[in-house]
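Given next are the chains, with one letter for each unit.
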Amino acid sequence: MSKAFKYIFIIVLIFSVTKLNAQDFEDDAALWLNVYLEKRIKDKFDVHFTHSSRINNNFSEYGLGYGDIGLTYYYKKNIKIMADYVLRQQRNLNGSYSTRNRAYLALLLKKEIGRFKFGYRNLFQGQLTDMYTSEKGLIPVFYDRNKVSVKYDINKRFTASVSEELYYPLYQAKNKGFDRSRSTIGLTYKFSKRTNIEFAFTYRHELNAFSRTKRDFIYGVTFSRIISNSWGESID
């Protein structure tokens, strides 16, 4: 069991190291606090809600908060489709907050082999920023996001996980190719089959930047309550 956890840690370390180069970096540390709730409404559907609060600028200011509500369709045991709406309030440099309306459609696949769970998610995302107060408020920004993950059940209570996500902007106004990545390592403790808490560390890295490259070192805590037997995750 300990060997498997070491392998997972090494994978995330490799992800992080391969992103480091001689660029000029702008670093920040953040705390993300999340609550995820899910309710199975029929054999093939569930409804879920996520609330997230993010404290940025080296844990000194409330940078972002959002509510995410969505519906999941279980096509097969290992395949599901998810559609969500997200209302976000994000802090601007002048201290005011920007309203962002986001929607996404995602395809999620999973495969279990022994204690390992392998996952892939492809997500199409669109967002409007300050719809009625900005000149570009009604111009949507689209992303294609791809994420792979590996989870390992250490025992009945603890699960270790790693994931890597890449963001591809479809409009390509500033960058060519992927413009952001997230590398995450986490540990989940199960209070019961339906209730758990996850502690995670995420390294978020801006790619192909023309100016200073932004790097975020994120510490996250997520409390999840499943009001039915299903499998899910929060997306932001």
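Provided above is the structure to which this section pertains.
Below: a short report on this structure. (Residues numbered from 1 in each chain as written. Predicted model: local features only at pLDDT ≥ 70, side-chain atom pairs only at ≥ 80, totals over all residues. Heavy atoms only, no water.)

**Topic: the nonpolar core**
For soluble globular proteins, nonpolar side chains are generally found buried alongside one another.
Piece 1. Ranked by size, the top nonpolar core spans eight residues in total: L64, Y66, M82, V86, Y104, A106, L108 and L123.
Piece 2. Only β3 (61–76), β4 (79–91) and β5 (97–113) provide two or more residues apiece to this core.
Piece 3. If you tally residues by element for this core, the top one is β5, at three residues.
Piece 4. Contact partners of L64, with chain neighbours within four places excluded, come to S52, S53, R54, R88, Q89 and Q90. (Core = buried A, V, L, I, M, F, W, Y, C linked by side-chain atoms within 4.5 Å. Buried < 20%, exposed > 50% of the residue type's maximum accessible area, 1.4 Å probe, protein only. Helix = DSSP H or I, 4+ residues; strand = E, 2+ residues; numbered from the N terminus. Contact = heavy atoms within 4.5 Å.)

**Here's the deal with the packing of aromatic side chains**
Piece 1. Scanning the model with the defined rule gives twelve aromatic pairs in all.
Piece 2. Here F116 and F118 contribute two aromatic rings whose centre-to-centre distance is 6.1 Å and whose plane-to-plane angle is 20°, an arrangement assigned as stacked.
Piece 3. Overall, the relative accessible area of 29% leaves F116 in the partly exposed class.
Piece 4. Centroid distance F124 to F142: 5.4 Å. Interplanar angle 15°. Geometry classified as stacked. (Phe/Tyr/Trp six-rings, centres within 6.5 Å; stacked < 30°, edge-to-face > 60°.)

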